[in-house]
Amino acid sequence: MSMIAAFYGGKSILITGATGFLGKVLMEKLFRTSPDLKVIYVLVRPKQGQTLQQRVFQILDSKLFEKVKEVCPNVHEKIRAISADLNQNDFAISKEDMQELLSHTNIVFHCAATVRFDDHLRHAVQLNVTATQQLLLMASQMPKLEAFIHISTAFSNCNLKHIDEVVYPCPVEPKKIIDSMEWLDDAIIDEITPKLIGDRPNTYTYTKALGEVVVQQEGGNLNIAIIRPSIVGATWQEPFPGWVDNLNGPSGLIIAAGKGFLRSIRATPMAVADLIPADTVVNLTLAVGWYTAVHRPKSTLVYHCTSGNLNPCNWGKMGLQVLATFEKIPFERAFRRPNADFTTNNITTHYWNAVSHRAPAIIYDFYLRLTGRKPRMTKLMNRLLRTLSMVEYFINRSWEWSTYNTEMLMSALSPEDQRVFNFDVRQLNWLEYIENYVLGVKKYLLKEDMAGIPEAKQHLKRLRNIHYLFNTALFLIAWRLLIARSQVARNVWFFIM
Ligand SMILES: CCCCCCCCCCCCCCCCCCCCCCCCCCCC(=O)SCCNC(=O)CCNC(=O)[C@H](O)C(C)(C)COP(=O)(O)OP(=O)(O)OC[C@H]1O[C@@H](n2cnc3c(N)ncnc32)[C@H](O)[C@@H]1OP(=O)(O)O
Ligand SMILES: NC(=O)C1=CN([C@@H]2O[C@H](COP(=O)(O)OP(=O)(O)OC[C@H]3O[C@@H](n4cnc5c(N)ncnc54)[C@H](OP(=O)(O)O)[C@@H]3O)[C@@H](O)[C@H]2O)C=CC1
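The name an unreviewed UniProt entry assigns to the protein chain is Fatty acyl-CoA reductase 2, from the organism Ovis aries.

In structure tokens form, the structure reads like this:
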């Protein structure tokens, strides 16, 4: 019998960010392994054209939850969607809902965040820092609370090379930052943002670091733990391999490469690609929730959920495997044959961006215009180049994350829990994982049918022939121009003939 699964039985659990990528996998695992849990409260903001219930039921009715329905047929009754906006005071939760949350919640999993790299500092502080502060305040008024688990990121201290499982202080106190966001206007915030984020690459990593400091400073007597996942990728095993539902991290770039838009990327092949599957993060999170509630460590423990020091894979190996998978399972209606390459310096990056990204987009848009259609490729390419410039920081460096607490926790689990809540990345076979990831991107993100693979292969063959024809024509034109101008070229030509 799994002790962790039994622990969540009968519990009332509050999840923020439940409609996000990690939140969904977390809910799925909770319902599947502890179908006798009492209720999961999810803080959800209303979205245009959908009621809260519709939003949540859409998730429960998705393929991700198919197995849950078998073990927990009344799953719809065990989820309680609470209207909340983490950007608002008291999260704009009604008095009755707040009362219910405060008096019943046993465990809090705080997953909500803005993960955009380019978010305005004011908004990133609001969601990643102030909302965390407010949630802690709520948690301190929950008499039945047993554990508060905060999801951060392994990159919150990416300005360091070696990162320990501790909360690092920030030069400016989070409270001062929160206060200043209230009275500074946008223009001044824009001006001071580079100074505040310092040697971090973006507002996301900076505000996640501030959020951790808030958790440590304002956690009071709560049982708190912080989890720091690295780059979260598609699921490894559960509920099935390859599940993914957004374009963050590598997923969007896998699409861009598979559709033939992404032809070169500035990356260091030997740099460690610290990916971690979403189900591994969720298993660790649930184990941490149990451990924190039952063992009540004296201080706030930080757990690194990373792969690099236990089972490293580098970007070169990952890129090659992604490309190899496209051979077997190509994406439909590719723009060009997938054939991306790594560049390593500014000059080659600019050159290939011009030749392989911008030029084909301009030519294609010209063709669209000629045929009376709306040009769209240049816009798409600009977006891709912007994304590339934002991720470059992370794919040209390696970090070392120590994992003492995570390994300690692994050894504290019973053999059954180690199996049911497996977060041992040493067992991960990267080649198999990446192949399933690409397959998952095709099925769950692009919603492409496997029956379309033969046609996709035919399409790639046609693209290859067009490519050969285009190159031959280009060569002949260049040669013809050369022959017209150079006696040496003419002599060589006649000699060959
Ligand atoms: C040895 C040599 C070998 C050679 C082999 C070479 C082979 C190469 C093969 C290449 C194969 C590729 C696979 C490997 C790629 C590796 C890259 C991995 C990158 C990983 C970097 C992650 C770093 C993680 C650090 C921290 C981790 C975390 O803690 S948080 C999670 C990470 N967060 C994110 O990823 C968010 C990033 N996104 C953003 O910040 C923003 O979206 C943006 C700034 C990128 C774009 O903002 P913008 O306002 O322009 O657009 P937006 O409104 O967001 O969206 C507009 C449309 O664009 C779509 N979109 C959004 N995001 C992406 C994306 N990442 N990729 C593509 N498209 C995206 C979005 O859906 C919108 O579409 P429409 O709705 O249709 O308009
Ligand atoms: N994905 C990754 O690679 C990594 C993620 N993390 C961390 O994991 C956590 C979850 O990330 P992930 O699932 O990928 O992120 P997503 O962007 O997929 O999900 C974010 C969640 O936060 C919610 N949210 C955002 N703003 C508000 C708001 N104002 N009010 C209420 N809810 C809001 C979103 O709701 P809505 O659906 O309404 O938008 C969504 O449920 C984050 O803390 C992130 O920092 C850490 C490392 C890597």
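The discussion continues.
Caption draft 1: Layout of the overall build of the protein chain. When helices and strands are tallied, the protein chain shows 19 helices and 13 strands. Since a compact globule built from 497 residues should have a radius of gyration of about 23 Å, the 26 Å found for the protein chain is in line with a globular shape. Dimensions of the protein chain along its principal axes, counting C-alpha atoms only, are 90 × 55 × 45 Å. Relative to its 497 residues, the protein chain shows a buried fraction of 53%.

Caption draft 2: Molecular detail of the site of ligand 1. Contacts to ligand 1 come from 30 residues, most closely from Arg 116, Phe 117, Thr 153, Tyr 204 and Gly 249. Arg 116 places a side-chain nitrogen or oxygen 2.6 Å from an oxygen atom of ligand 1. Protein chains bury 76% of the 1,600 Å² of accessible surface belonging to ligand 1 in isolation. Every element with two or more residues in the shell around ligand 1 is listed here: helix H10 (250–258), helix H12 (315–328) and helix H14 (377–395). It is H14 that provides the largest number of residues to the shell around ligand 1, a total of 6 residues. Across the shell around ligand 1, the residue classes tally to 20 nonpolar, 6 polar and 4 charged.

Caption draft 3: Helix H17 (residues 430–445), seen in detail. Those residues of H17 that fall on the buried side of the exposure criterion are Trp 430, Tyr 433, Ile 434, Tyr 437, Val 438, Gly 440, Val 441, Lys 442 and Tyr 444. Looking at the buried positions of H17, the neighbouring elements they touch are strand S8 (231–233), H10, strand S10 (275–277), H12 and helix H18 (453–485). The N-terminus of H17 is capped by Asn 429, whose side-chain oxygen sits 3.1 Å from the backbone nitrogen of Leu 431. Following H17 by one or two positions, Lys 447 adopts a phi angle in the positive range, close to 55 degrees.

Caption draft 4: Inspection of the site of ligand 2 at higher detail. Among the 26 residues in the neighbourhood of ligand 2, the closest are listed as Thr 19, Arg 45, Arg 55, Tyr 204 and Lys 208. Within the backbone of Gly 17, one N or O atom sits 3.4 Å away from an oxygen atom of ligand 2. Residue Phe 21 places a main-chain N or O atom 2.9 Å away from an oxygen atom belonging to ligand 2. Look at ligand 2: alone it shows 890 Å² of surface, and the protein chains cover 90% of it.

Caption draft 5: Looking closely at the sheet that holds strand S1 (residues 12–16). On the basis of which strands lie adjacent, the open sheet formed by 7 strands has the order S3-S2-S1-S4-S5-S7-S11 and parallel pairing. Each edge of the sheet is formed by a strand with only one pairing partner; in this case those strands are strand S3 (79–83) and strand S11 (301–305). On average, each strand axis in the sheet is inclined to that of its neighbour by 20 degrees, with strand direction left out of account. Here S1 runs beside strand S2 (residues 39–44); their pairing, made up of 5 bridges, is parallel.

Caption draft 6: Looking closely at the confidence of the model for the protein chain. Mean pLDDT over the protein chain: 96, with 100% of residues reaching 70 or higher. Interface confidence for the predicted complex, expressed as ipTM, amounts to 0.91; the pTM equals 0.94.

Caption draft 7: How the structure looks around the pattern of salt bridges. For the structure on display, the rule yields 20 salt bridges. Here Arg 116 and Asp 118 are joined by a salt bridge, their closest N and O atoms 3.1 Å apart. The exposure class of Asp 118 is partly exposed, given its relative accessible area of 31%. The residue Lys 328 makes a salt bridge to Glu 435 at a minimum N-O spacing of 2.9 Å. Of this pair, Lys 328 sits in helix H12 while Glu 435 sits in helix H17, and the two are 107 residues apart along the sequence. You can call Lys 328 partly exposed: its relative accessible area is 48%.

Calculation criteria
Residues numbered from 1 in each chain as written. Chains lettered and ligands numbered in written order. Predicted model: local features only at pLDDT ≥ 70, side-chain atom pairs only at ≥ 80, totals over all residues. Heavy atoms only, no water. Helix = DSSP H or I, 4+ residues; strand = E, 2+ residues; numbered from the N terminus. Rg over C-alpha atoms; globule rule 2.2 N^0.38 Å. Buried < 20%, exposed > 50% of the residue type's maximum accessible area, 1.4 Å probe, protein only. Near = heavy atom within 4 Å. Polar contact = N/O pair within 3.5 Å; in protein donor to acceptor, adjacent residues only side chain to side chain. Areas by Shrake-Rupley, 256 points an atom, 1.4 Å probe, with all protein chains shown as cover. Nonpolar A, V, L, I, M, F, W, Y, C, P; charged D, E, K, R; others polar. Contact = heavy atoms within 4.5 Å. Pairing = 2+ DSSP bridges. Axes fitted to C-alpha atoms, helices over the stretch in contact; angles between N-to-C directions. pLDDT = per-residue confidence, 0-100. Salt bridge = Lys/Arg side-chain N within 4 Å of Asp/Glu carboxyl O.

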